[in-house]
Amino acid sequence: RLQGEGDMLLAVCQREATYLLLGEYKLTNADNSSLSTISSDLIGTIRNLGEAIGMSNKASIYNRDGDIFWWYNYKKHVVRFNKKGLTVISDLKMKSEFIGKDGVAKFAYDPFYDMIHVNVGGTTSFGFSERRNGWMSEYEMDYNFGVHYGDMMLLFNGGSLFKSLQTSATNKYGELLG
């Protein structure tokens, strides 16, 4: 479900991504005029996102409250899909940082700073701010899995749990909860 826009199914394949709005069907007449209908009996019309952007590994996708992020290892892109459409966010002044990255991406969301952290191999993560629509900083943090709860980001690594210090003006990622 994409933020109140109706039921949607996103299919990210190896070389491209498509979506369909469930229950909506688009009919096109011979004169290229179209009519959209809504019915609970229809699966929907398949719509290509128009970019040749896919996903190499299914572990490299992250859903943050309807905004979908993924890593496309083939083209070295970090991609965001939301109700505004598809954006290659790694192209926002960070293309050179991701060009040498390889492997499976790990994502984590810090709700206090409204920031997505992306780690593609190694111990360096990059923070993308939703508020500013840009990359904020580079962080030395390695994790296997990240979740958010309330206004905290929780990171799991090697059997340990770490949390973001959401009340600090200088966020020190990596406080061990034990």
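Our subject is the structure that appears above.
Computed from a predicted structure; not experimentally measured. (Residues numbered from 1 in each chain as written. Predicted model: local features only at pLDDT ≥ 70, side-chain atom pairs only at ≥ 80, totals over all residues. Heavy atoms only, no water.)

Novice: Hey, could you run me through the pattern of salt bridges in this one?
Specialist: Oppositely charged side chains can pair when the atoms bearing their charge come close. On inspection of all chains with the given rule, the structure shows six salt bridges. Here Arg64 makes a salt bridge to Asp65, at a shortest N to O gap of 4.0 Å. A relative accessible area of 9% means that Arg64 is categorised as buried. Judged by relative accessible area, Asp65 falls into the exposed class, the value being 53%. The partner of Arg80 in a salt bridge is Glu130, and the shortest N-O contact between them spans 3.5 Å. Here the residue Arg80 occupies a position in strand β8 (residues 77-82), and Glu130 occupies one in the loop between β12 (124-129) and β13 (134-140), the gap between them amounting to 50 residues. (Salt bridge = Lys/Arg side-chain N within 4 Å of Asp/Glu carboxyl O. Buried < 20%, exposed > 50% of the residue type's maximum accessible area, 1.4 Å probe, protein only. Helix = DSSP H or I, 4+ residues; strand = E, 2+ residues; numbered from the N terminus.)

Novice: Explanation requested: the sheet that holds strand β10 (residues 105-110) in the structure shown.
Specialist: Think of a sheet as strands paired side by side through backbone hydrogen bonds, with each pair either parallel or antiparallel. Read across the open sheet, the four strands follow the order β10-β11-β12-β13; overall the sheet is antiparallel. Two strands close off the open sheet at either side, each with one partner strand: β10 and β13. Between one strand axis and the next, the sheet turns by 25° as a mean value, whatever way the strands run. (Pairing = 2+ DSSP bridges. Axes fitted to C-alpha atoms, helices over the stretch in contact; angles between N-to-C directions.)

Novice: How should the side chain of Thr124 be read in this particular structure?
Specialist: With respect to the helices and strands, Thr124 occurs in strand β12. Relative accessible area serves as the criterion here: at 15%, Thr124 is assigned to the buried category. Within the local environment of Thr124, its side chain forms a polar contact with the side chain of Glu140, the two groups lying 3.3 Å apart. (Polar contact = N/O pair within 3.5 Å; in protein donor to acceptor, adjacent residues only side chain to side chain.)

Novice: Can you help me understand the packing of aromatic side chains in this one?
Specialist: How two aromatic rings sit relative to each other is given by the distance of their centres and the angle of their planes. Going through the model one piece at a time under the given rule, you end up with eight aromatic pairs. For the pair Trp71 and Phe98, a centre-to-centre distance of 5.9 Å together with 45° between the ring planes defines the contact as tilted. One end of the pair, Trp71, is in strand β7 (residues 67-72); the other, Phe98, is in helix α1 (residues 95-98), and 27 residues separate them in sequence. With relative accessibility at 1%, the residue Trp71 sits in the buried group. When its relative accessible area of 1% is taken as the criterion, Phe98 is described as buried. (Phe/Tyr/Trp six-rings, centres within 6.5 Å; stacked < 30°, edge-to-face > 60°.)

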